[in-house]
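# Overview (structure and organization)
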Amino acid sequence: MICQECKQRPATMHFTKIVNGEKTEFHLCEQCAKEHGHMFTFYGNDDFSLNNLLAGLLNFQAPMKEMTANAFPNPDVLQCETCQMTYHQFTQIGRFGCVNCYRTFARYLPPILKRLHSGNTAHSGKIPKRKGGVLHLRKQLATLKQKLQELVAREEFERAAEVRDQIRSLEDELRRRGEGDM
Amino acid sequence: MSFEKFFNTAVSAWMSQEGPDSDIVLSSRIRLARNIVDFRFPTLFSSEEAKQIVALFERTFAHRSYGGAGRFELLKMSELQPIEKRVLVEKHLISPHLAEDSPFGACLLSENEEISIMINEEDHIRIQCLFPGLQLAEALEAASELDDWIEGYVNYAFDERLGYLTSCPTNVGTGLRASVMMHLPALVMTQQINRIIPAINQLGLVVRGTYGEGSEALGNIFQISNQITLGKSEEDIVADLHTIVQQLIAQERAARQALVKTLGIQLEDKVFRSYGILANCRVIESKEAAQCLSDVRLGIDLGYIKNISRNILNELMILTQPGFLQQYAGGALRPEERDVRRAALIRERLKMEDRRKMEGDER
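These figures come from a predicted structure and were not determined experimentally.

Criteria and cut-off values
- Residues numbered from 1 in each chain as written.
- Chains lettered and ligands numbered in written order.
- Predicted model: local features only at pLDDT ≥ 70, side-chain atom pairs only at ≥ 80, totals over all residues.
- Heavy atoms only, no water.
- pLDDT = per-residue confidence, 0-100.
- Contact = heavy atoms within 4.5 Å.
- UniProt positions renumbered as here; feature names shortened; annotations may be inferred.
- Helix = DSSP H or I, 4+ residues; strand = E, 2+ residues; numbered from the N terminus.
- Buried area = accessible area lost by both parts, 1.4 Å probe.
- Salt bridge = Lys/Arg side-chain N within 4 Å of Asp/Glu carboxyl O.
- Buried < 20%, exposed > 50% of the residue type's maximum accessible area, 1.4 Å probe, protein only.
- Pairing = 2+ DSSP bridges.

## Examining the confidence of the model for chain A
- In the predicted model, chain A carries a mean pLDDT of 74, and 68% of its residues have values of at least 70.
- Low pLDDT, under 50, characterises residues 61-70 of chain A; the stretch is placed with eight contacts to residues that sit more than four places away or in other chains.

## Focus on the UniProt feature "domain: UVR" (unreviewed entry) in chain A
- The sites that UniProt annotates as "domain: UVR" (unreviewed entry) are residues 138-173 of chain A.
- Each end of residues 138-173 of chain A is marked by a C-alpha atom, and these two atoms are 10 Å apart; helix forms 92% of the span and strand 0%.

## Some thoughts on the interface of chain B and chain A
- Counting residues at the interface gives 51 residues for chain B, matched by 43 residues for chain A.
- Carbon and sulfur atoms make up 59% of the surface buried where chain B meets chain A, a total of about 4,200 Å² over both sides.
- For the pair chain B and chain A, the number of links is two salt bridges.
- Between Lys126 of chain A and Asp147 of chain B there is a salt bridge whose closest N-O contact spans 2.8 Å.

## With respect to the pattern of salt bridges
Residue and element names in this part refer to chain B.
- According to the stated counting rule, one finds 25 salt bridges over all chains in the structure shown.
- In this structure, the salt-bridge partner of Arg349 is Glu315, at a minimum N-O distance of 2.8 Å. Of this pair, Arg349 sits in helix H14 (residues 335-362) while Glu315 sits in helix H12 (residues 312-319), placing them 34 residues apart in sequence. For the residue pair Arg349 and Glu315, the accessibility class agrees, reading buried in each case.
- Taken together, the shared-partner salt bridges connect Glu252, Arg256, Arg297, Asp301 and Arg310 into one network.

## Thoughts on the pairing of strand S6 (residues 125-132) of chain B
Residues and elements named next belong to chain B.
- Across the eight residues that make up S6, a large majority, eight, are buried.
- Burial along S6 is two-sided: Ile125, Ile127, Cys129 and Phe131 facing one way and Arg126, Gln128, Leu130 and Pro132 facing the other are all buried.
- Pairing analysis gives eight bridges linking strand S1 (residues 25-34) to S6, with the strands arranged antiparallel. By the bridge assignment for S6, Arg31 is matched with Gln128.
- Direction of pairing for strand S5 (residues 115-119) relative to S6: antiparallel, over a ladder of five bridges. Bridge assignment links Ile115 to a residue of S6, and that residue is Cys129.
- What sits between the antiparallel neighbours S5 and S6 is a turn of five residues, in which Asn120 has the positive phi angle 60°.

Right, here's the structure in full:
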């Protein structure tokens, strides 16, 4: 059988469309089927992409939205100043428009992030070196403070004193850096 | 172009080299998603912004060499032929999304094809390192070093609490996707895979076919990757995946031994029948080719077939994809023509093995 569209190549795709009870048969070659949008794109995953699933997940928040309606403004009218994306658009597309969207929609993000990342809402991995100088120190400081508490609890005061000195010098360093950055 | 020449230029290092556990793990990949401050995300950036980003990377990185990976070359999607783009997708060097839906997309590709940096895909850049065998930690180290190098020239979008900001909330935090490509024929044959996949999914990992989301597991090859990018460190994400992969390797090995014991000569028969098909076919569809290649590879791993290199599965799974076949043919092919070409290419490749073997014997 020859493809009914191009009338050149052999038809390899055969299917029947039923619209309002009206039956139409198609016999097309792969190329024409693709051109006429009868086939998925060549990796066949556009209809079931992660972003579609994600958009579904974001819309699923409707009941919660009503609950918070009194406390917060309706999120649908929220709009990012930098890129003009609205919260409603974000839930449709499943993607942010720019860095500032994260700040604009910040209030509504934790439940979404929790659902996507097994309950996590805060980063605990790599920090860029360039802007990370101060962040690195703060992280180190937090770890040391925790260590200090553990040592005190175990009554290892000599080592605790060492850690305390380390904490002090880190705090000094942070103060200096803080002024330098301003 | 002679077959051997085409073949040698088509195969990248990760396909032909062996790595740890490479009887089961074909490759390890690390991808880092990064964005640059002052530009809107590719979701809705202007073509002007897109061009500026490409220009920035072209100016800063194109033609520069990086460690042992060689020089970077910048490929603009708008300047490539559809077949060329498809070949890059089939080699896993760029994503289908970059090839098809990113009009201002580009890619910085290292000479050894171990590193590719996709530009203007879903995020401004996606750094990707591809290693043979199970080498997740090594790939992470390489990707992270490259990340530091790039960071010396651009200002990344980073938030103290949320980490690296990405256009999709599924990647925020580390922006890290670690994945391994595994050949699991015995788990498929014993149908254990049907129980294993849901279990893996519950652990926050994703199992997919070879070419990503929604693709079929052709040739019993599965891609396993992390889903969660926020709240865990890069090292922990990779270590968790590594642990699961090692368990899968153990299960696959056990299933292979069980198959050898229970099926014996029947398994050997299946392997050699598939070899017979590949060595003699004149027309073959990609699905059948993938299944036969998987059987032959299993036969090599089990010692039934000798004198054929193991990489035949990695190489031919990729070289028999439509893009490669068309590049080899030097033009567009209809699906039926592809099936003829595919059969010819597989036969050629197997003959190449014989030639190599004979040369080896003479020496």
